Amino acid sequence: MQGLKLLILFTLSSLFGLARTAPQVPCYFIFGDSLVDNGNNNNIASLARANYPPYGIDFPDGPSGRFSNGLTTVDVISKLLGFNDYIPPCASVNGDELLAGCNFASAAAGIRDETGQQLGARISFGGQLRNYQTAVQQLVDILGDEESAANHLSKCIFSVGMGSNDYLNNYFMPTIYATSRQYNPQQYADALITQYSQQIRILYNYGARKVALIGVGQVGCSPNELAQFSQNGVTCVDRINNAIQIFNQKLMSLVDQFNTLPGAHFTYINAYGIFADILKNPAANGLRVTNRGCCGVGRNNGQVTCLPFQTPCSNRHEYMFWDAFHPTEAANIIIGKRSYSAQSSSDAYPVDIRRLALA
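Residues numbered from 1 in each chain as written. Predicted model: local features only at pLDDT ≥ 70, side-chain atom pairs only at ≥ 80, totals over all residues. Heavy atoms only, no water.

Visitor: Provide a residue-level description of the packing of aromatic side chains, including the pertinent values.
Guide: Scanning all chains against the criterion turns up 23 aromatic pairs. Taken together, a centroid distance of 5.3 Å and an interplanar angle of 20° make the contact between Phe29 and Phe158 stacked. Of this pair, Phe29 sits in strand S1 (residues 28-31) while Phe158 sits in strand S2 (residues 157-160), and the two are 129 residues apart along the sequence. Taking relative accessible area as the criterion, Phe29 reaches 0% and is therefore assigned buried. Between Tyr52 and Tyr55, the aromatic rings sit 5.3 Å apart at their centres with planes inclined by 85°, giving edge-to-face as the arrangement. The pair formed by Tyr52 and Tyr55 is uniform in burial state, with each residue classed as buried. In this structure, Lys79 is placed above the aromatic ring of Tyr86, and the distance from its NZ or CZ to the ring centre is 5.0 Å. Positioned over the ring face of Tyr204 is Arg209, at 3.8 Å from the centre of the ring. (Phe/Tyr/Trp six-rings, centres within 6.5 Å; stacked < 30°, edge-to-face > 60°. Helix = DSSP H or I, 4+ residues; strand = E, 2+ residues; numbered from the N terminus. Buried < 20%, exposed > 50% of the residue type's maximum accessible area, 1.4 Å probe, protein only. Lys NZ or Arg CZ within 6 Å of the ring centre and 35° of its normal.)

Visitor: Tell me about empty space enclosed by the protein, residues and numbers included.
Guide: With a probe scaled to a water molecule rolled over the atoms, the places where space remains empty come into view. Taken as a whole and judged by the stated rule, the model has one cavity of 30 Å³ or more. Approximately 30 Å³ is the volume found for the largest cavity. Every residue lining the largest cavity is listed: Ser34, Leu35, Phe67, Ser68, Thr72, His326, Pro327 and Asn332. Its residues assigned to classes, the lining of the largest cavity shows three nonpolar, five polar and no charged. (1 Å grid on protein atoms, 1.4 Å probe; cavity = no way out; pocket = protein on both sides within 12 Å on 5 of 7 lines; lining within 4 Å. Points joined across faces, edges and corners; volume = space filled by probe spheres on them. Nonpolar A, V, L, I, M, F, W, Y, C, P; charged D, E, K, R; others polar.)

Visitor: Go over helix H7 (residues 185-205), please, and point to the residues and values.
Guide: For H7, which comprises 21 residues, the first-to-last C-alpha distance of 30 Å matches the rise-based estimate of 30 Å (1.5 Å per residue) to within 8%. Restricting attention to buried positions, one finds in H7 the residues Tyr188, Ala189, Ala191, Leu192, Ile193, Tyr196, Ser197, Gln199, Ile200, Leu203 and Tyr204. Structurally, the start of H7 carries an N-cap: the backbone nitrogen of Gln186 is 3.1 Å from a side-chain oxygen of Asn184. Looking one or two residues beyond H7, the residue adopting positive phi is Gly207, at roughly 105°. (Expected span 1.5 Å × (residues − 1). Polar contact = N/O pair within 3.5 Å; in protein donor to acceptor, adjacent residues only side chain to side chain.)

Visitor: Explain unusual backbone geometry residue by residue, including any values.
Guide: Leave glycine aside and you will find that most residues have negative phi; peptide bonds, for their part, are mostly trans. Residue Pro54 is reached from Pro53 by a cis peptide bond, and omega for that bond is 5°. Among the secondary structure elements, Pro54 is positioned in the loop between S1 and helix H2 (73-80). The amide bond that connects Tyr349 to the next residue, Pro350, takes the cis arrangement and shows omega of -5°. Mapped onto the elements, Pro350 comes out in the loop between strand S9 (348-349) and helix H12 (353-358). If you check the backbone angles, Ala108 has positive phi at about 80° while not being a glycine. Relative to the elements of secondary structure, Ala108 occurs in the loop between H2 and helix H3 (125-143). Phi is positive for Asn300, close to 60°, though the residue is something other than glycine.

Right, here's the structure in full:
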């Protein structure tokens, strides 16, 4: 078993072309939802959990709470940044481990506190920020004073990916949430960005200086939305994607605003565009199936998400989606690599994560 783990580590090192050297930054802090949650929801009363098979079927330690068959995008990014280990969930971090960062992400979380409430407990972005503020105080205690903690945090990478659930598990769920009757898409994006801006300012006020804001992806192309709203099960749902594009445009403008603050290096990662590029030419990215989940039930394998102990597809490396909502490891590797090192000038604005680390 130990030999197998070493072989897996060697294979991953080969995949990302890494040598065992010091990471490019001393720490990496992650905020987000189920796209990057790696176990924070495991022990809370939530339907949004993935700590059971077949989730993690291709991950070295099996089911961990990651909503994928294997790696998430931030796992890929952490390796490309040179970290020897994946960034752990904050729920399991103790003492000096915090110096290297941790992952605050929680499945079903949103910018708005009520987002995802039909799925039970989750840690909204506001809750993740409160947990981060507690962590900053712990860092002050570890390092001895606020100045030392601020200096340490100024060198860290922060990635923040929120907003998907504010559409998927709020605005486009009118039987449960009233937001689509209260706001048109433009107004809703404005309301989200206003709140998001205030939240991100808290992050800045508590030491974050190198911040990657991850745009919302093409939610209207997920198997779940295709199953519900696409006549042919292939064509993406424009009204969902169009609403998300309004939000993303405003998020890019937010980057410009934050970059006027002292010492700030903010950047936007165009997850929507990267996703669209892959869908346009899946074969060039080694993928074959883009409209069905590898594991799921019903139309597009997307009406019900992957069930405990369900047998998934065997050719997972050819699928864009692992379940009704979340990408496979294969897709996450592509997205993670392009987030770290832009393949196209539109992948990141103004810089990719590789350049952000050097800022």
